[in-house]
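Structure at a glance
Here are the chains, one letter per residue:
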Amino acid sequence: MLISLAALLLAGCREKVIDERPVKPEQEDDKYIYTKYQNPVIRNNCADPSVFDDRERSGYFYAYSTQNGTSGDANCVYLPVYKSTDMVNWELVGNAFGGMERPQWISGTRIWAPDIEYIDGRYVLYFALGHWENPALSACAVAVSDSPEGPFTWENVKEINPLANEHGMLVDYASQGVSNAIDANIIRDQKTGELYLFWGSFGSNSGVWAIQLTDDGLAVAPGAQKTYICYEMEGTYVHYKNGYYYCFGSMGSCCAGKSSTYHIVVARSQNILGPYVGKDGKYMNTKSSAFNNTNNWIMSNPENLYYAGTGHNSEIITDDSGKDWMCYHAYWQGNNYDGRCMNMDEVLWGDGWPYFKTGHPSEGKVSGPSWLKAESKSGSITIDNDNAKPLLETGDPCSCRNTWDYSPKESNEFNFYDIKLYE
């Protein structure tokens with residue numbers, strides 16, 4: 001009887017797939033296709049997302065996120081990779097490390113918070129080996145691939161650059177004296193061309209720091225010294241615009257479901273290494289809570305808590321009409337706050353500062369990115385929202401994590417499955 005019941009449950013599970021709720025283009029004209037979307041754009045556990053515009057080479061956007069699943073479990077996706085033609089409809093295409101292979105040179109760690117760049121003809125993936133119980137064991141590292149979908153390997157990095165660590169490790173507590181060495185972000189100095197790694201998080205002997213890398217991004221530059229950037233922040237992303245470097249980051253509690261207080265802050269500087277100053281004149285690198293006030297917040301939880309823990313933003317992507325878009329993760333009331341989904345909203349600019357329209361995630365259907373039609377753009381983009389592939393594999397048994405049945409067309413009602421298999 002038990003065997004029959006188990007078989008029935010498994011059969012039912014196989015029918016459950018993720019519905020990416022395809023959204024038709026809002027409209028189009030002779031030049032552009034205009035999309036429309038509703039958050040979340042990835043309704044799967046997609047924490048700490050990084051979004052990469054690879055249209056010049058592959059014709060796709062790619063999104064990468066923190067490990068989805070329990071380390072050592074056969075169904076774990078150690079570094080999920082998604083792709084999209086329009087940033088609205090996303091398809092899970094695999095595991096950046098190619099399967100169960102993953103960096104394990106620090107035991108008890110998990111793969112967190114990726115970032116990716118295209119440098120010297122190769123895709124260079126930055127990630128953290130995060131140790132939740134002992135942050136001093138965490139490290140930021142690098143791996144390379146010929147494809148944005150992987151597989152990425154860390155084992156040949158030293159062959160490419162003799163200065164590199166044999167494991168691809170870039171920074172850890174032992175080498176830099178910075179505990180909680182996670183959340184790598186790469187930015188190039190627009191004046192000198194030098195490449196910098198920003199990393200760090202909360203906690204004693206931590207904070208956010210920056211250090212110069214070699215030109216290929218595979219090792220810390222000889223003689224480089226770290227520079228202190230910010231107190232009590234993580235998920236750093238630096239963006240250059242109109243003569244300023246804008247340093248985005250997340251403050252508050254990240255991982256408490258509906259109770260999470262994560263919010264995105266920003267400061268700017270004309271120097272890549274700072275000091276970074278908020279809109280209210282407060283310095284990011286002051287070891288106090290002075291900077292963390294609502295004047296410097298740009299994204300936070302709405303009062304109704306339809307979303308919670310709104311933070312760890314990705315790169316800014318500019319669409320073909322010149323509008324800027326940013327993705328970030330959030331717990332979502334629609335799936336009972338089970339995992340951090342990926343949201344997207346437009347970044348606006350006023351008085352030299354970035355902001356979101358309401359300061360909170362958009363909740364209804366809104367206008368999305370605009371893309372040139374395929375015939376007017378090299379590296380063509382095909383937008384076929386009606387036939388977008390659903391996310392069929394999420395990396396856990398029966399493809400059930402944070403999933404739902406297909407709903408009737410044009411309906412926003414979904415059936416959810418409360419299965420918590422991730423860490």
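Residues numbered from 1 in each chain as written. Predicted model: local features only at pLDDT ≥ 70, side-chain atom pairs only at ≥ 80, totals over all residues. Heavy atoms only, no water.

**Topic: the overall build of the protein chain**
- When you go through the protein chain residue by residue, the secondary structure sums to three helices and 24 strands.
- In the protein chain, buried positions account for 56% of the 423 residues.
- Intrachain contacts of the protein chain at a sequence separation of at least 6 include 57% that bridge at least 24 residues.
- Of the roughly 17500 Å² of accessible surface on the protein chain, a fraction of 47% belongs to carbon and sulfur atoms. (Helix = DSSP H or I, 4+ residues; strand = E, 2+ residues; numbered from the N terminus. Buried < 20%, exposed > 50% of the residue type's maximum accessible area, 1.4 Å probe, protein only. Contact = heavy atoms within 4.5 Å. Areas by Shrake-Rupley, 256 points an atom, 1.4 Å probe, with all protein chains shown as cover.)

**Remarks on the pairing of strand 9 (residues 139-145)**
- A large share of strand 9 lies buried, amounting to seven of its seven residues.
- Burial of the side chains of strand 9 extends over both faces: A139, A141, A143 and S145 are buried on one face and C140, V142 and V144 on the other.
- In this sheet, strand 9 lies alongside strand 8 (residues 122-130) in antiparallel orientation, the contact comprising seven bridges. Within strand 9, the residue paired with L129 across the bridge is A139. (Pairing = 2+ DSSP bridges.)

**A short note on the nonpolar core**
- Within the largest apolar cluster, 25 residues are counted, with the highest numbers of intra-cluster contacts made by V124, Y126, V142, L197 and W199.
- Among the secondary structure elements, those contributing two or more residues to this core are strand 8, strand 9, strand 10 (169-172), strand 12 (195-201) and strand 13 (207-213).
- Ranked by size, the runner-up nonpolar core spans 22 residues in total, among them F52, L79, F97 and W154. (Core = buried A, V, L, I, M, F, W, Y, C linked by side-chain atoms within 4.5 Å.)

**Let's talk about the pattern of salt bridges**
- Enumeration over the complete set of coordinates arrives at six salt bridges.
- Residues R55 and D320 are paired through a salt bridge, measuring 3.1 Å at the closest nitrogen-oxygen approach. Placement of the pair is R55 in the loop between strand 3 (50-54) and strand 4 (60-64) and D320 in the loop between strand 20 (316-318) and strand 21 (324-332), with a sequence separation of 265 residues. Note on accessibility: R55 and D320 belong to one class, buried.
- With its nearest N and O atoms 3.9 Å apart, the salt bridge here joins K241 to D324. Of this pair, K241 sits in strand 15 (residues 234-241) while D324 sits in strand 21; the two residues are 83 residues apart in sequence, bridging distant segments of the chain.
- Residue K241 is classed as partly exposed on the basis of its relative accessible area, which comes to 24%. (Salt bridge = Lys/Arg side-chain N within 4 Å of Asp/Glu carboxyl O.)

**Observations concerning the sheet that holds strand 11 (residues 185-188)**
- An order of 11-12-13-14 is seen for the four strands of this open sheet, with the pairing classed as antiparallel. Across the chains shown, the open sheet's two edge strands, defined by having one partner strand only, are strand 11 and strand 14 (227-230). With direction set aside, neighbouring strand axes in the sheet form an average angle of 30 degrees.
- Note: strand 13 against strand 14, three bridges, orientation antiparallel. Counterpart to V208 in the pairing with strand 14 is C230. (Axes fitted to C-alpha atoms, helices over the stretch in contact; angles between N-to-C directions.)

**Some remarks on the sheet that holds strand 5 (residues 80-84)**
- Read from one edge of the open sheet, four strands run 3-4-5-6, paired in antiparallel fashion. Only two strands of the sheet have a single neighbouring strand rather than two, namely strand 3 and strand 6 (91-95). Direction aside, the axes of adjacent strands within the sheet are offset by 25 degrees on average.
- Taken together, the four bridges between strand 4 and strand 5 define a ladder with antiparallel strand orientation. Bridged to Y64 within strand 5 is V81.

**Here's the deal with the packing of aromatic side chains**
- For the structure shown, the criterion picks out 18 aromatic pairs.
- Judged by centre distance (5.0 Å) and plane angle (65 degrees), the ring pair of W209 and Y228 falls under edge-to-face. Here W209, found in strand 13, pairs with Y228, found in strand 14; they are 19 residues apart in sequence, far enough to count as distant.
- Look at W209 and you get buried, because its relative accessible area is 18%.
- Following the ring pairs from residue to residue traces out a cluster consisting of Y244, Y246, W349 and W353.
- A cation over a ring is seen here: R57 above Y118, with NZ or CZ 3.9 Å from the ring centre. (Phe/Tyr/Trp six-rings, centres within 6.5 Å; stacked < 30°, edge-to-face > 60°. Lys NZ or Arg CZ within 6 Å of the ring centre and 35° of its normal.)

**Observations concerning the environment of D30**
- In this fold, D30 is placed in the loop between strand 1 (27-28) and strand 2 (32-37).
- Placed 343 residues apart in sequence, D30 and K373 show a C-alpha to C-alpha distance of 8.1 Å.

**Comments concerning the state of the cysteines**
- In this structure the tally under the stated criterion is one disulfide.
- The disulfide partner of C254 is C255, and the S-S distance across this bridge is 2.1 Å. Disulfide C254 to C255: torsion about the S-S bond roughly -90 degrees, handedness left-handed.
- Taking the relative accessible area as the measure of exposure, C254 reaches 16% and is therefore buried.
- Overall, C255 belongs to the partly exposed group, its relative accessible area being 34%.
- Free cysteine C46: the closest other cysteine sulfur is in C341, separated by 8.3 Å.
- Overall, C46 belongs to the buried group, its relative accessible area being 0%. (Disulfide = S-S within 2.5 Å.)

**Let's talk about the confidence of the model for the protein chain**
- Averaged over all residues, the pLDDT of the protein chain is 84; the fraction at 70 or higher stands at 82%.
- A low-confidence stretch, residues 1-24 (pLDDT under 50), is modelled with 57 contacts involving residues beyond four sequence positions or located in other chains.
- Low pLDDT, under 50, characterises residues 375-423; the stretch is placed with 143 contacts to residues that sit more than four places away or in other chains. (pLDDT = per-residue confidence, 0-100.)

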